[in-house]
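Working through the structure, step by step
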Amino acid sequence: MGLLWLVSGSVVAAIGLAGAKGRLPRQHWAGIRLPSTMRDDTAWYAAHRAGGPLIAAGGGIAALAGLAMLALRPDEDVTATASLVAAGAVLGCVTIGGVLGTRAARRR
């Protein structure tokens, strides 16, 4: 379980960082893919500059939870709790990052 959170959290963090730095091109695979952000490149980059840092933070929290699970080898109850915390962090950060990004895209 720890490896799953480490890898998936790292992927989410990398996508968030790439978006925040303007290095995530507009495409249909990764990023904040909503009608308002897919409208044009200006909206896409504005959305990811606004929401990318929070998305990266959520991925970082999940990756750290996975690293802790691998290092500490907790029992099943602690692993389940850590997984719920990691899932909540990713879901919350990605949702709020998406909302911030969508608002930024609409202002463009």
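In this text the structure is predicted, and so the values were computed from the model without any measurement.

On to helix H4 (residues 76-107). The end-to-end C-alpha distance of H4 is 46 Å, a good match for the 46 Å that 32 residues give at a rise of 1.5 Å each. For H4, the set of buried residues is Thr79, Ser83, Ala86, Ala89, Val90, Cys93, Gly97, Gly98, Gly101, Thr102, Ala104 and Ala105. In this fold, the buried residues of H4 make contact with helix H1 (2-20), helix H2 (35-38) and helix H3 (41-72). At the N-terminal boundary of H4, the capping side chain belongs to aspartate 75, with an oxygen 3.2 Å from the backbone nitrogen of aspartate 77.

Once that is clear, we can look at the packing of H1 against H3. Between H1 and H3, the shortest axis-to-axis distance is 6 Å and the interhelical angle comes to 160°. Looking at the two axes, H1 sits roughly antiparallel to H3. Crossing angle aside, the handedness with which H1 passes H3 is left-handed. The residue makeup of the contact of H1 with H3, split by class, is 15 nonpolar, ten polar and one charged.

As a further point, take a positive patch on the surface. Side chains of Arg49, Arg103, Arg106, Arg107 and Arg108 sit close together on the surface and give a patch of like positive charge. When residues of the positive patch are assigned to their parent elements, the largest contribution, three residues, is made by H4. Relative to the helices and strands, arginine 106 is located in helix H4.

Moving on, we come to unusual backbone geometry. Positioned with a positive phi, arginine 73 is a non-glycine residue whose angle comes to about 50°. Turning to its location among the elements, arginine 73 is positioned in the loop between H3 and H4.

This brings us to the pattern of salt bridges. With the rule as written, the count across this model stands at two salt bridges. A salt bridge links aspartate 41 to arginine 26; its shortest N-O distance comes to 2.8 Å. Taken together, the residues span a long stretch of sequence, with aspartate 41 in helix H3 and arginine 26 in the loop between H1 and H2 at a distance of 15 residues. Note on aspartate 41: relative accessible area 39%, which makes it partly exposed. We classify arginine 26 as partly exposed; its relative accessible area is 35%. Where aspartate 40 meets arginine 39, a salt bridge forms, and the shortest distance between an N and an O atom there is 3.9 Å.

Calculation criteria
Residues numbered from 1 in each chain as written. Predicted model: local features only at pLDDT ≥ 70, side-chain atom pairs only at ≥ 80, totals over all residues. Heavy atoms only, no water. Helix = DSSP H or I, 4+ residues; strand = E, 2+ residues; numbered from the N terminus. Expected span 1.5 Å × (residues − 1). Buried < 20%, exposed > 50% of the residue type's maximum accessible area, 1.4 Å probe, protein only. Contact = heavy atoms within 4.5 Å. Polar contact = N/O pair within 3.5 Å; in protein donor to acceptor, adjacent residues only side chain to side chain. Axes fitted to C-alpha atoms, helices over the stretch in contact; angles between N-to-C directions. Parallel < 35°, antiparallel > 145°, perpendicular 65-115°, else oblique. Left-handed = near helix turned anticlockwise from the far one by under 90°. Nonpolar A, V, L, I, M, F, W, Y, C, P; charged D, E, K, R; others polar. Patch = residues over 30% accessible without salt bridge, like charges linked within 9 Å, V, L, I, M, F, W, Y side chains within 5 Å. Areas by Shrake-Rupley, 256 points an atom, 1.4 Å probe, with all protein chains shown as cover. Salt bridge = Lys/Arg side-chain N within 4 Å of Asp/Glu carboxyl O. Lys, Arg positive; Asp, Glu negative; His and termini not counted. Charge placed at Lys NZ, Arg CZ, Asp CG, Glu CD.

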